[in-house]
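Tertiary structure, described
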Amino acid sequence: MGRLRIVEDVAVGCDTDVRERVEDPVASAAQGMRGVPGWLADRQGRRLRYLRLSVTDRCDLRCRYCMPEEGVPASDRADILSFDEVVRVVRVFQRFGVRTVRITGGEPLVRKNLPELVRRICVETGIQDVALTTNATAMAKLALPLAKAGVRRVNVSLDSVRAETFSEMTRGGDLRRVLAGIEAARSLFETKINAVVVRGMNDDQLREIVEWAWSKNILPRFIELMPVGEGAKLGRERVVSVFDMQVGLADLLTLGEAERRLDRGPAGYLPAADGSSRKVGFIGAVTDNFCHRCNRVRVTARGEVRACLASPDGFQFRDALRSGGNDEDVAEALEKALFGKRDGHAFHVPGTTHHFAVNMSQTGG
């Protein structure tokens, strides 16, 4: 494979703990192929073991930092990866050491028969850790089927626990539906909430969010507004730094060096000041450039590989899937994409404007 670097390790199979707990009928099924042991590293030496997999570019909300008010044109169904193609993509990544697949969108729950896709990923690829990022508007009815299929962890986008603010930030979203979805999820999954902090919208509500989440035994996380797509249009003055967030929560937290789980993404965690096991997570995409420890790669619903969320360019390898080639041909296309992964992003670099063209809803942000 030319420039591909494989760092030896032991491959492991698909986890079934959650599916067994909810008496999943496929829990005893074959675990699928076991990939070639090893980790895939890019040319900077970063180990890529985390795949963010978008299954749709459609969404039922219009969050102000993510999507324009009029929405974005939805892709034709023929341009979206089929279930067979998605499973094949995951199988190739699994061979090269990817161990976590996070299903994203758009809003992934609008993809028809999503639990069946999750089940196939678990059974047919040997992936051990399937997670989901969602707005939870449809989670109340889908939580149990998703748990049976093999989802283990869920992150819910929740920028406010005030109905008025939530509606404003999502352009009409119904907070009650989301809270009902969270209630259904938290009894079945390891559940976190993600709040994008926007100055003048919800930056005065961080304490409320933390106290609400802790009361539900949910881990809250705060994310700096990223200058990507609609977020870039809001302006740099809307960014609230992680430092300012932590200062505002100083009496609730033990400030200091953040704990990081490098296998789970870029968040850093601070413990509660009361000595309990509760924590708050922070993701500083702007002020804490974590590119040097980035371990993820993105595949869009249209079959583009995006080595970075901030990149306006992707490598289309859907054609490799549909050209009749074997998995080795697909892997060759994957190699070309991954070795375009840059050292870091260019947020707020003078003279750069390309971030306006990147829509998070279409890249699985």
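Residues numbered from 1 in each chain as written. Predicted model: local features only at pLDDT ≥ 70, side-chain atom pairs only at ≥ 80, totals over all residues. Heavy atoms only, no water.

1. A closer look at the state of the cysteines
Scanning the entire structure with this criterion turns up zero disulfides. Not part of a disulfide, Cys59 finds its nearest cysteine sulfur in Cys63, a span of 6.4 Å. With relative accessibility at 22%, the residue Cys59 sits in the partly exposed group. Free of any disulfide, Cys63 has its nearest neighbouring cysteine sulfur in Cys66, separated by 6.1 Å. (Disulfide = S-S within 2.5 Å. Buried < 20%, exposed > 50% of the residue type's maximum accessible area, 1.4 Å probe, protein only.)

2. A short note on the packing of aromatic side chains
Counting across every chain of the model gives one aromatic pair. Measuring from ring centre to ring centre gives 6.1 Å for Phe222 and Phe282, while their planes differ by 40°; the resulting arrangement is tilted. Placement of Phe222 in strand β9 (residues 219-224) and of Phe282 in strand β12 (residues 279-283) is noted, with a sequence separation of 60 residues between them. Summarising the burial analysis for this pair, Phe222 and Phe282 share the class buried. Over the aromatic face of Phe96 sits the side chain of Arg95, whose NZ or CZ is 5.9 Å from the ring centroid. (Phe/Tyr/Trp six-rings, centres within 6.5 Å; stacked < 30°, edge-to-face > 60°. Helix = DSSP H or I, 4+ residues; strand = E, 2+ residues; numbered from the N terminus. Lys NZ or Arg CZ within 6 Å of the ring centre and 35° of its normal.)

3. With respect to the nonpolar core
Counting residues in hydrophobic clusters, the biggest one holds 75 residues, and the most contacted among them are Ile121, Met139, Leu146, Phe189 and Phe222. With residues near it in sequence (within four places) discarded, Met139 still touches Leu109, Leu132, Thr134, Leu146, Val154, Gly181, Ala184, Ala185 and Phe189. (Core = buried A, V, L, I, M, F, W, Y, C linked by side-chain atoms within 4.5 Å. Contact = heavy atoms within 4.5 Å.)

4. Re the environment of Cys122
For Cys122, the location among the structural elements is in helix α3 (residues 114-125). In this structure, the C-alpha to C-alpha distance between Cys122 and Ala149, residues 27 residues apart in sequence, is 7.8 Å.

5. Points about the pattern of salt bridges
Scanning the entire structure with this criterion turns up 18 salt bridges. Arg119 serves as the salt-bridge partner of Glu116, at 2.9 Å between the closest nitrogen and oxygen. With a gap of three residues between them, Glu116 and Arg119 both fall in helix α3, about one helical turn apart. Using a relative accessible area of 22% as the deciding quantity, one classes Arg119 as partly exposed. Measuring nitrogen to oxygen at the nearest pair gives 2.4 Å for the salt bridge that ties Arg162 to Glu208. Of this pair, Arg162 sits in the loop between β7 (151-157) and α5 (163-170) while Glu208 sits in helix α7 (residues 206-215), placing them 46 residues apart in sequence. For Arg162, a relative accessible area of 34% corresponds to the partly exposed category. One salt-bridge network, in which partners are shared between bridges, spans Asp84, Arg120 and Glu124. (Salt bridge = Lys/Arg side-chain N within 4 Å of Asp/Glu carboxyl O.)

6. Examining the pairing of strand β11 (residues 268-271)
Pairing analysis gives two bridges linking strand β10 (residues 259-260) to β11, with the strands arranged antiparallel. Bridging from a neighbouring strand, Arg260 pairs with Gly268 of β11. With four bridges connecting them, β11 and β12 associate as antiparallel partners. Paired with Pro271 across the bridge in β12 is Lys279. (Pairing = 2+ DSSP bridges.)

7. Focus: the side chain of Ser54
Looking at the secondary structure, you find Ser54 in strand β4 (residues 50-54). A distance of 3.1 Å separates a polar side-chain atom of Ser54 from the backbone oxygen of Thr56. At 3.2 Å, the side chain of Ser54 and the backbone oxygen of Gly105 are in polar contact. (Polar contact = N/O pair within 3.5 Å; in protein donor to acceptor, adjacent residues only side chain to side chain.)

8. Brief notes about the packing of α3 against helix α4 (residues 139-149)
How two helices pack is summed up by the angle between their axes together with the distance between the axes. Interaxial distance between α3 and α4 falls to 8 Å at its minimum, and their mutual angle equals 15°. Regarding the angle of α3 to α4, the classification is roughly parallel. Note that α3 runs across α4; the crossing there is right-handed. Taking contact as the criterion, the partners of Leu114, Pro115, Val118, Arg119 and Cys122 in α3 are, on α4, Leu142, Pro145, Leu146 and Ala149. Of the residues assigned to the contact of α3 with α4, the class counts are eight nonpolar, no polar and one charged. (Axes fitted to C-alpha atoms, helices over the stretch in contact; angles between N-to-C directions. Parallel < 35°, antiparallel > 145°, perpendicular 65-115°, else oblique. Left-handed = near helix turned anticlockwise from the far one by under 90°. Nonpolar A, V, L, I, M, F, W, Y, C, P; charged D, E, K, R; others polar.)

9. Some thoughts on helix α2 (residues 83-95)
Residue pairs spaced three or four apart in an α-helix point in one direction, given the helix's 3.6 residues per turn. In this model α2 runs 18 Å from its N-terminal to its C-terminal C-alpha over 13 residues, within 8% of the 18 Å that 1.5 Å per residue would give. Summarising burial for α2: 11 of the 13 residues are buried, a large majority. What α2 keeps buried is the set Phe83, Glu85, Val86, Val87, Arg88, Val89, Val90, Val92, Phe93, Gln94 and Arg95. Gly97 lies just past α2 and shows a positive phi near 105°. (Expected span 1.5 Å × (residues − 1).)

10. Focus: the environment of Ala267
Tracing the backbone through its elements, the reader meets Ala267 in the loop between β10 and β11. Judged by its relative accessible area of 3%, Ala267 is buried. Distance in space between the C-alpha atoms of Ala267 and Ala285 is 9.4 Å, their sequence separation being 18 residues. Beyond its immediate sequence surroundings of up to four residues, Ala267 is in contact with Arg221, Glu259, Arg260, Arg261, Phe282 and Ile283.

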